[in-house]
Amino acid sequence: AGCADPSIRQRVRDELCLADGALLVVAGVRMRRACPVKEIAWAADLLRVVRPGSLVLVAGEGPGRTAAERFAAEASEPGCVRFIGRRSDWPSLVAAADAVWAPQAETLAATSVVEARGAGRPVVFATSSAISTATPRGVRAIRFDDRAGWVRNTLELLAEAPPEPPAASLAAHTPGEA
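Criteria and cut-off values
- Residues numbered from 1 in each chain as written.
- Predicted model: local features only at pLDDT ≥ 70, side-chain atom pairs only at ≥ 80, totals over all residues.
- Heavy atoms only, no water.
- Helix = DSSP H or I, 4+ residues; strand = E, 2+ residues; numbered from the N terminus.
- Buried < 20%, exposed > 50% of the residue type's maximum accessible area, 1.4 Å probe, protein only.
- Pairing = 2+ DSSP bridges.
- Right-handed = clockwise from strand over helix to strand, strands pointing away.
- Arc of directions from axis to C-beta.
- Contact = heavy atoms within 4.5 Å.
- Core = buried A, V, L, I, M, F, W, Y, C linked by side-chain atoms within 4.5 Å.
- Phe/Tyr/Trp six-rings, centres within 6.5 Å; stacked < 30°, edge-to-face > 60°.
- Axes fitted to C-alpha atoms, helices over the stretch in contact; angles between N-to-C directions.

## Some thoughts on the environment of Trp90
Counting through the fold element by element, Trp90 comes out in helix 4 (residues 90-96). Note on Trp90: relative accessible area 1%, which makes it buried. In the structure, Trp90 is positioned 31 residues away from Ala59 in sequence and 8.1 Å away in space, judged by C-alpha atoms.

Spelled out as structure tokens, the structure:
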């Protein structure tokens, strides 16, 4: 699998025109409705304030995408959140990221957690149930509407340890199927 190639990270970051040292967060979302993505847009704008030059990529499709994009354009600074649609190169995006956000408390969040950890990336995911303090290293669970929590937990995880090298292979999952 191509994700084991260390040049993947740099290639993807170059394609995104990210400055050296810029923080890249990817989020895989099924956009059935705009609500989870609205929270990510707010969190992306907060992240931009504490880490200028940061970018949150939102991968996925669904009937809520247009409303989510419109909201993000109105509520956040231009350039801090970018919608990229359904992507077949999701494993490469995860390998290129500094962290992964999984804003939906359903199977997509679980899959994103496994993929992120397989790539050695920290992950913050939303849960609809009581938050467990017993998450594995490199993983944090928060309420989906905890905007500051997305940012705080991401920065804490990144401070704990640098991203690990990607695993030899990742499942070829494509997030965001409607």
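Now, onward.
## Examining the pairing of strand 3 (residues 81-85)
The element strand 3 is largely enclosed, with a buried count of 4 among its 5 residues. Alignment of strand 2 (residues 55-59) against strand 3, held across 4 bridges, turns out to be parallel. Residue pairing in the sheet places Val56 in a bridge with Val81 of strand 3. For the handedness criterion, the β-α-β arrangement of strand 2, helix 3 (residues 65-75) and strand 3 is classed as right-handed.

## Observations concerning helix 1 (residues 7-15)
When helix 1 is considered as a whole, its buried residues turn out to be Ile8, Val12 and Arg13. Buried residues of helix 1, viewed axially, fall in a sector of 125°; they line one side. Each element contacted by the buried residues of helix 1 is listed here: strand 1 (24-28) and helix 4.

## Section: the nonpolar core
One finds Val56, Val58, Phe83, Trp101 and Trp150 to be the most contacted residues of the largest nonpolar core, which totals 29 residues. Of all the secondary structure elements, the ones that give two or more residues to this core are strand 1, helix 2 (35-50), strand 2, helix 3, strand 3, strand 4 (99-102), strand 5 (123-127) and helix 6 (147-160). In terms of residues, this core owes the most to one element, helix 2, which gives 6 residues. When residues no more than four places from it in sequence are discounted, the contact partners of Trp150 are Ile40, Ala43, Trp101, Ala102, Pro103, Val124, Phe125, Ala126, Ile142, Arg143 and Phe144. Listed in part, the 26 residues of the second largest apolar core include Leu16, Val100, Val123 and Phe125.

## So, the packing of aromatic side chains
Between two aromatic rings, the relevant description is the distance of the centres plus the angle of the planes. Evaluation of the coordinates by the stated rule reveals 2 aromatic pairs. The interplanar angle of 65° and the centroid separation of 5.7 Å between the aromatic rings of Trp42 and Phe71 together place this pair among those described as edge-to-face. Of the two residues, Trp42 sits in helix 2 while Phe71 sits in helix 3, which places them 29 residues apart along the sequence. Classification of Trp42 by relative accessible area gives partly exposed; the value is 32%. With a centroid separation of 5.5 Å and 45° between ring planes, the pair formed by Trp101 and Trp150 is classed as tilted. Of this pair, Trp101 sits in strand 4 while Trp150 sits in helix 6, placing them 49 residues apart in sequence. A single burial state applies to Trp101 and to Trp150, both of which are buried.

## Considering the sheet that holds strand 1
Here we have 6 strands laid out as an open sheet, ordered 3-2-1-4-5-6, and parallel in their pairing. Every other strand in the sheet has two partners, leaving strand 3 and strand 6 (139-143) as the edge strands with one partner each. On average, adjacent strands in this sheet sit at an angle of 25° to one another, irrespective of strand direction. Sheet topology note: the strand 5/strand 6 ladder contains 5 bridges and is parallel. In the sheet register, Val124 faces strand 6, and the bridge partner there is Arg140.

## Remarks on the environment of Gly120
Mapped onto the elements of the fold, Gly120 is located in the loop between helix 5 (107-118) and strand 5. Residue class for Gly120 comes out buried when judged on its relative accessible area of 3%. Along the backbone, Gly120 and Val94 are 26 residues apart, and their C-alpha atoms lie at a distance of 9.2 Å.

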